[in-house]
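The lines below spell out each chain.
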Amino acid sequence: MSKFHDTGPAAALIRLGERLPAPPAPLGAYVPVRAAGDLMFTSGMLPMRDGAVAYTGRVGADLTVDQAREAAVLCARNAVAALAAALGGVEALANIREIVQVTGHVLSAEGFSDQSAVVDGASAWLMEVFGEAGRHTRLALGAFALPRNAAVELALVVRIGPP
Amino acid sequence: MSKFHDTGPAAALIRLGERLPAPPAPLGAYVPVRAAGDLMFTSGMLPMRDGAVAYTGRVGADLTVDQAREAAVLCARNAVAALAAALGGVEALANIREIVQVTGHVLSAEGFSDQSAVVDGASAWLMEVFGEAGRHTRLALGAFALPRNAAVELALVVRIGPP
Amino acid sequence: MSKFHDTGPAAALIRLGERLPAPPAPLGAYVPVRAAGDLMFTSGMLPMRDGAVAYTGRVGADLTVDQAREAAVLCARNAVAALAAALGGVEALANIREIVQVTGHVLSAEGFSDQSAVVDGASAWLMEVFGEAGRHTRLALGAFALPRNAAVELALVVRIGPP
């Protein structure tokens, strides 16, 4: 295995024993990823698995924080899968110079205020996959309602450049 | 009519029988549009018509999905009117190379989870007006409260370049 | 005092009798500020003071609009403190060519719909500190839940360039 494979996000995914899923199909008249200069924006990603939302309901009532963290990781994985597809494959994730911003909306029960712990699941996973390039700014927010009653919706802004 | 008129967003608006409204006045100490390099950001636009919010209340309780879609289109129309004003007129909308991102916050009743269908109103309208350049990423979110009890708040990020 | 001191944001802070706080520590695996080209994004800032959230609860029930405005200003002050730290000091705030966008999420009581007045506190403060460069686009939104039950969460996008 080359040095590149040892250190890039594609290698990290192998090390983590992960295969990126096929990027989820949009729920309407929009696209998963759009580039603007050297920035790429993803759509809001839901915790979809095999075409269905895998985590629904309010965190703090219907789901535990641990379950919601898994949901947040799944959103992040779907976002990275969409970026890989837009960039031309998993190896091309090495072109991501930095994860600029993560915005995580957490469907919350009344009185639940640990959205940071939930979105931290996604943050930690992105750091594992992208290393230093994965250090991002973040908004963690408590949503009243989300499409399809998803537990989390998460979007990324990343910056692209030659490895 | 020139080819340019036949194919640009100004022509699409004529074809749709639409006149852009005057861009709504901000509700506070901010501006409707700001450019940063070749990106332009709009403020969150409400479904204002003639100086008043035309659609108020929670979708799924006070408004139907169809009504909320109309609200989302009105927000998008106000955002595009603000961009036209910033760019120097309706014809200058041809300088928008892409709608990069649409963020739509939908004032939602408890249990309402079809925010995607609501924001799709705006997405479809933007595609009609901008064609390929209108293909955007999107976040559809369920708000608990919005300024003036508006049914929808919607913001755009677009990329500008010579036609 | 030089002309520069008289007119830049550092001078405005002195005129306002303000000292920027130390930027608040992130609540998880993220960073306060990230640059992407000439844009800088901040994380969502809470109304932290001396390591604790100074304003908690729902505006319109637990807090008045005036209290929530103070919370919004505190968020903005923390965001500017984080930008100063990232840029290399308070004087380096003069490199901010424009505040591009302010996003303010206001923890809202049922039926509270004056999020604009709350976020206006931050907008007015940014205009006082940055002058013309402080003119920004804005989203004011009503949150159902926020981390640590904070009354406001606020994030900035700014553009950097030589003074």
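Analysis parameters
- Residues numbered from 1 in each chain as written.
- Chains lettered and ligands numbered in written order.
- Predicted model: local features only at pLDDT ≥ 70, side-chain atom pairs only at ≥ 80, totals over all residues.
- Contact = placed C-beta atoms within 7 Å.
- Helix = DSSP H or I, 4+ residues; strand = E, 2+ residues; numbered from the N terminus.
- Nonpolar A, V, L, I, M, F, W, Y, C, P; charged D, E, K, R; others polar.
- Buried ≥ 20, exposed ≤ 12 C-beta atoms within 10 Å, placed from the backbone.
- Pairing = 2+ DSSP bridges.
- Axes fitted to C-alpha atoms, helices over the stretch in contact; angles between N-to-C directions.

Trainee: Got a minute to help me understand the interface of chain A and chain B in this structure?
Mentor: Buried accessible area, meaning the area lost when the parts come together, often serves as the stated size of an interface. Listed per partner, the contact involves 24 residues of chain A and 25 residues of chain B. Mapped onto the side of chain A that touches chain B, the elements with two or more residues apiece are strand 1 (33-36), strand 2 (39-42) and strand 7 (152-160) of chain A. Considered class by class, the residues forming the side of chain A that touches chain B number 14 nonpolar, seven polar and three charged.

Trainee: Just checking my understanding: could you explain the pairing of strand 1 of chain A for this structure?
Mentor: Side-chain direction in a regular strand flips from residue to residue, so the side chains alternate between the two faces of the sheet. Residues and elements named next belong to chain A. Of the two faces of strand 1, only the one carrying Arg34 and Ala36 is buried; Val33 and Ala35 on the other face are not. As defined by bridge partners, strand 1 adjoins strand 2 across four bridges and the pair is classed as antiparallel. From the neighbouring strand, valine 33 faces strand 2, where its bridge partner is threonine 42. The loop that links strand 1 with its antiparallel partner strand 2 comprises two residues; one of these, glycine 37, has a positive phi angle of about 60°.

Trainee: Honestly, the sheet that holds strand 7 (residues 152-160) of chain B in this entry has me stumped. Any pointers?
Mentor: To summarise the sheet geometry, strands pair through backbone hydrogen bonds and adopt either a parallel or an antiparallel arrangement. Residues and elements named next belong to chain B. Pairing is mixed across the open sheet formed by five strands, whose spatial order is 1-2-7-5-6. This sheet does not close on itself; its edge strands, each paired only once, are strand 1 (33-36) and strand 6 (137-143). When strand polarity is set aside, the average angle formed by the axes of neighbouring strands in this sheet is 15°. Of the pairings in the sheet, the one linking strand 2 (residues 39-42) to strand 7 comprises three bridges and is antiparallel in character. Within strand 7, the residue paired with methionine 40 across the bridge is valine 158. Its contacts with the sheet place helix 3 (residues 65-87) against strand 1, strand 2, strand 5 (96-107) and strand 7, and it is angled at close to 40° to strand 7.

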